[in-house]
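# Coordinates in review
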Amino acid sequence: MAKRLDFSAPENCVCFNLRWVTRAVTQFFDAELRRHGIRPTQGSILASLNARDHWTMAELSDWLGMERTTLVRNLQPLQRDGLVDAGGGGRGKLVEVAITAKGRRQLEKLTPAWRAAQSAVVKTLGEERWSSVLSDLESAALALNK
């Protein structure tokens, strides 16, 4: 029989625990990707840009579940380093965002490190458990975003 949690206790707070785990996982991935000069969030941006030919800033921020100001902040070093191109915009026009050839090469270099980190986390949890956690998290996110 499963132990019943006291949800009024701070240590059982859903938000606290999800943020705590997220920080730990982010730090783990950061250690793996740091040698490529990319933060995990920036790696996600590059991978997303690489998956599709055309993105607007609005589409990308929606896809990533990231506020646009946060996305802009994360894009700035990628643009500075020539990994991402952003154009258009101004007076109601959409800002287009794209990965550059240099960005694709950088993504290829960091992919083995990302895969190693991904494999280590999934191995720690077990593939079946991770699949279940992923499904549960997706369900919760969709339900809470209605």
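Here, every reference points to the structure presented above.
My aim in this report is to walk through the structure given alongside it, one point at a time. Each chain has its residues counted from 1, running along the sequence as written. For this predicted model, a pLDDT threshold of at least 70 governs which residues receive local features, and a threshold of 80 or more governs which side-chain atom pairs are given and counted, while totals over whole chains, interfaces and linings are taken from all residues. Hydrogens are left out, water is left out, and the side-chain values use all remaining heavy atoms of the structure.

## Here we look at the layout of surface pockets
Think of a 1 Å grid over just the protein atoms. A cavity is a set of points where a 1.4 Å probe fits yet cannot get out, a pocket is an open set with protein on both sides within 12 Å along at least five of seven lines, and lining residues have an atom within 4 Å of a point. Grid points are joined across faces, edges and corners, and a volume is the space filled by probe spheres set on the points. Taken as a whole, the largest pocket spans an internal volume of roughly 2400 Å³. If you go around the largest pocket, you meet 40 residues; those closest to its centre are T22, T26, L64, W130 and L137. Those elements giving two or more residues to the lining of the largest pocket turn out to be α1 (14–33), α2 (40–51), α3 (57–64), α5 (101–125) and α6 (127–144). Numbering of helices and strands starts at the N terminus; helices are DSSP runs of H or I of at least 4 residues and strands are runs of E of at least 2. The element contributing the most residues to the lining of the largest pocket is α1, with twelve residues. Each residue is assigned to one of three groups, with Ala, Val, Leu, Ile, Met, Phe, Trp, Tyr, Cys and Pro labelled nonpolar, Asp, Glu, Lys and Arg labelled charged, and all others, Gly among them, labelled polar. Here the residues of the lining of the largest pocket sort into 26 nonpolar, twelve polar and two charged.

## Digging into α1
Here α1 is 20 residues long and its end C-alpha atoms lie 28 Å apart, about the 28 Å a rise of 1.5 Å per residue gives. The rule is simple: take the accessible area with a 1.4 Å probe, protein chains only, and divide by the maximum for that residue type; under 20% is buried, over 50% is exposed, in between is partly exposed. Taken as a whole, α1 has its buried residues at F29, D30 and L33. Down the axis of α1, the buried set is contained in an arc of 105 degrees. They therefore lie on one face. In α1, the exposed positions that point more than 90 degrees away from the buried face belong to W20 and Q27. Every helix has an expected span of 1.5 Å times one less than the residues it contains. To be clear, the arc concerns the directions from the helix axis to the C-beta atoms.

## Focus: the environment of R115
Note on placement: R115 falls in helix α5. Measuring from C-alpha to C-alpha, the distance between R115 and T70 comes to 25 Å, with 45 residues separating the pair along the chain.

## Focus: α2
Taking 1.5 Å per residue, twelve residues should reach 16 Å; α2 reaches 17 Å between its end C-alpha atoms and fits that length. Residues P40, Q42, G43, I45, L46, S48 and L49 constitute the buried set of α2.

## Details of the pairing of strand β3 (residues 95–99)
Pairing between two strands is assigned when DSSP locates at least 2 bridges connecting them. Bridging between strand β1 (residues 55–56) and β3 involves two bridges; their strand directions are antiparallel. Residue pairing for β3: W55 is matched across the bridge by V97. Across five bridges, strand β2 (residues 84–88) lies against β3 in antiparallel orientation. Within β3, the position partnered with D85 by the bridge is A98.

## So, the nonpolar core
Only buried residues count toward a nonpolar core. Its members are Ala, Val, Leu, Ile, Met, Phe, Trp, Tyr and Cys residues joined through side-chain atoms within 4.5 Å. Core analysis: the largest hydrophobic core is formed by 19 residues, its most contacted members being L46, L49, L75, L78 and V84. Listing elements by their share of this core, those giving two or more residues are α2, α3, α4 (68–80), β3 and α5. Residue contacts for L78: discarding those within four places in its chain leaves I38, Q42, I45, L46, L83 and V84. Residues are treated as being in contact if the distance between any of their heavy atoms lies within 4.5 Å.

## Considering the packing of α3 against α4
Orientation is described by axes fitted as lines to C-alpha atoms, over the contacting stretch for helices, and by angles from 0 to 180 degrees between their N-to-C directions. Their axes nearest at 9 Å, the elements α3 and α4 cross at an angle of 100 degrees. On the basis of the axis angle, α3 is roughly perpendicular to α4. Between α3 and α4, the contacting residues are M57, A58, L60, S61, D62 and L64 on the first element and R68, L71, V72 and L75 on the second. Class assignment for the residues of the contact of α3 with α4 results in seven nonpolar, one polar and two charged. The scheme is simple: roughly parallel for angles under 35 degrees, roughly antiparallel for over 145, roughly perpendicular for 65 to 115, oblique for anything else.

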